[in-house]
Amino acid sequence: MATLKEELIKDIRFVEGLNSCINCGVCTAICPAAQFYNYDPRMIADTVQKGNEAEIEQLLKSDTIWFCGECLSCKTRCPRGNTPGYIIQALRALSIETGFFIESQQGCKQLALKRTIGEHILKYGYCVYIDEVNTQMYPEQGPVWDWFKQNRTQMLERLGAKYKKAGKGTLRQISKESLNDLQRIFDETGATERFEKIENQSAIKARELGFDFQEGKDAYFDYLYNGNTESE
Amino acid sequence: MWEAYQKEIADDHYYFARSCIRQNFFPAAEELFLKIVGQELGKDIYDDPRQTTCTGIAYHSGIVPMKTTMTVVARQFALMTEAGYENFVCSCVTSFGIYTEMLETWKHFPEKEQETRDALKRATGMTFKIPKNLVHCSDLVYKFRKEIAAKTKFRLINKQTGEPLQVVDHIGCHYAKIFPKKGIGGAEFPYVLAGMIDEWGGAQVDYPERRHCCGFGFRQYLLKSNRGYSVSNSKKKFDSMEPFHPDLIIANCPGCTFFLDRWQYVISEMEGKIYGQNGYGIPVLTYEELAGLLLGYNPWDMGLQVHQVAVEPLLNKLGIEYKPDEKYKGINGLDLGKPEMPNVLKCC
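Every value quoted in this text rests on a predicted model; they were computed, and no experiment measured them. (Residues numbered from 1 in each chain as written. Chains lettered and ligands numbered in written order. Predicted model: local features only at pLDDT ≥ 70, side-chain atom pairs only at ≥ 80, totals over all residues.)

**Regarding helix H4 (residues 66–83) of chain B**
Rules: Secondary structure elements follow DSSP: runs of H or I of four or more residues count as helices, runs of E of two or more count as strands, with numbering from the N terminus. Multiply 1.5 Å by the residue count of a helix minus one, and that product is the helix's expected span. In this scheme the burial state of a residue depends on its C-beta neighbours within 10 Å: 20 or more other such atoms mean buried, 12 or fewer mean exposed, and anything in between means partly exposed; the C-beta positions come from the backbone.
Compared with an ideal rise of 1.5 Å per residue, which puts 18 residues at 26 Å, H4 of chain B spans 26 Å between its outermost C-alpha atoms and is within 8% of the ideal. Most of H4 of chain B is tucked away, with 14 of its 18 residues classed as buried.

**Examining the domain arrangement of chain B**
All names here are of chain B. Filter applied, for reference: By convention here, the domain bounds are inherited from an automatic or database domain assignment. The contact rule is simple: place each C-beta atom from the backbone, and if two of them lie within 7 Å, those residues are in contact.
Looking at the assigned domains, one finds that chain B contains domain 1 (11–137) and domain 2 (153–333). Each side of the interface is counted separately: domain 1 has 25 residues, and domain 2 has 23 residues. Where the side of domain 1 that touches domain 2 is concerned, the elements lending two or more residues are helix H1 (20–25), helix H2 (29–40) and helix H5 (93–108). When residues in the side of domain 1 that touches domain 2 are grouped by element, the largest group, 7 residues, is from H5.

**A few points about the environment of lysine 197 of chain A**
Relative to the assigned elements, lysine 197 of chain A resides in helix H14 (residues 191–208). Separated by 37 residues in sequence, lysine 197 of chain A and glycine 160 of chain A have C-alpha atoms that sit 41 Å apart.

**Quick notes on the domain arrangement of chain A**
Residue and element names in this part refer to chain A. Definition in use: The nonpolar class holds Ala, Val, Leu, Ile, Met, Phe, Trp, Tyr, Cys and Pro. Asp, Glu, Lys and Arg form the charged class, and all remaining residues, Gly among them, are polar.
Taken as a whole, chain A is organised into domain 1 (4–106) and domain 2 (108–226). Once you take the C-alpha centre of each, domain 1 and domain 2 turn out to be 28 Å apart. Contacts between domain 1 and domain 2 engage 7 residues on the former and 10 residues on the latter. Its residues placed into classes, the side of domain 1 that touches domain 2 shows 3 nonpolar, 4 polar and no charged.

**Structural notes on the sheet that holds strand S3 (residues 87–90) of chain B**
All names here are of chain B. Counted only if it meets this: For two strands to pair, DSSP has to find at least two bridges joining them. Helix axes are fitted to C-alpha atoms over the stretch in contact, other axes to C-alpha atoms as well, and angles between N-to-C directions run from 0 to 180 degrees.
Pairing is parallel across the open sheet formed by 4 strands, whose spatial order is S2-S1-S3-S4. Sheet topology places strand S2 (45–47) and strand S4 (133–136) at the edges, where each strand pairs with a single neighbour. Recorded for the sheet is a direction-independent mean angle of 30 degrees between the axes of neighbouring strands. The pairing of strand S1 (residues 14–17) with S3 spans 4 bridges and is parallel. Pairing of alanine 17 across the sheet is with cysteine 90, part of S3. Those strands touched by H5 are S1, S3 and S4, and its axis lies near 155 degrees from that of S4.

Rendered as structure tokens:
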């Protein structure tokens, strides 16, 4: 059986992301996540470079790997051509693959992302879609969004969009044929399998926490999306 | 040094790839871009109904594998190939980073290109050619900034004082931080928006956190429970730019434009803090919204009423006449009421 380090090396983002870290900490100095969370990309690079299996497993089960914002500012600045953001991408993929993601509070939240962004792609052909955005889930949208959304058919027509209409244009209805292409690509390239893995592992975790695990925006989704206010 | 950070931008005949965020949150911006490129500049640009999301936001949130995003990108290139185009222009900065990353990956790992070709063929039966030229929409507006300037009715000048307006430029991280040589001016001194400010008469604001991320952070914003990351990073920028009294912020990334607009509203509600003048926020525009205003288009036909920060203070400084009563009207002047006013931030 391959070691975790060997699994990481199969991911070209890991290969591209880790050359030879000198532990200078420039990545941490520039990192927006390090300024907000208890997060240190230098430590990530150091841990995977050392290759200690137990430490890598600990990382895969931790909140730490989920704090990066993938802005990739670290890629620009590293004097040795490392990219901690790419290492994070490989660690996140392996954390889901191994099922370790449900061992951390942040990792568990992948379910909420799958059930929003992930499902929007296959349902609408867009990552985000107006019908799914409301000020309860996204209060920062502000009162202008409530007004716009309420009047969206009129306003989008006035602004020249093609909301829910066939053909070209802003917010056009993505054709069934194009959506089928996306579904087949997801099936062919592992996204469908990853979605299933996220759902199946999340079901185990949800039941362990005492939730009645359902589809869509169920109570467990709310818990992950909105946060457990007692512990966060 | 500077010459190393110039990029080739094709002169004509573009295949246009849309942005998920722009279509939803700035729903007139892309039609405006097409109008400027097609009608004002007389260029051929193809708007394809068959294209979809590039999956970039899902990719950077860790929910779809790289192989999936790579194959969806290949499908977009296949659509371009079928349509008979070779120059690819995309509207989203996340997408620009995605397309560039996949092309660079194929260059360094040719077996990945072959795997992708095989996967696309199996899934859809499609084949594709690599684009000859890949640029972001802001690159096109930058390239033709002088031609646009020649047609403008207004300049970035305060009509009352005659002084240049103070303009903050915000470049999306994935425009040049991942592949600096793919962006005009690179990652340290990106000139794609600054070039427009210079050409259209404004003054650049060079503030300490000019290159800091807006704070999107993908999964950090997309989850309500992580969203403090996003507003905190934007706040860091606002606090840093405030002493320079900006009249306007322009951005080339869909997410950045949205966050710099909406987080001003949130910070005003949370802390009572306002960054603009006279109780208003600092207006935030996309590059083509700014071009459209200077070209004399009606601000309410460009969707500026769906920004949360009011743009009227900017219109007044520019000397642009507008009809306040038309702002919230629908088709044929239908009265659609008005949005509720925020508690703190002044709106019109």
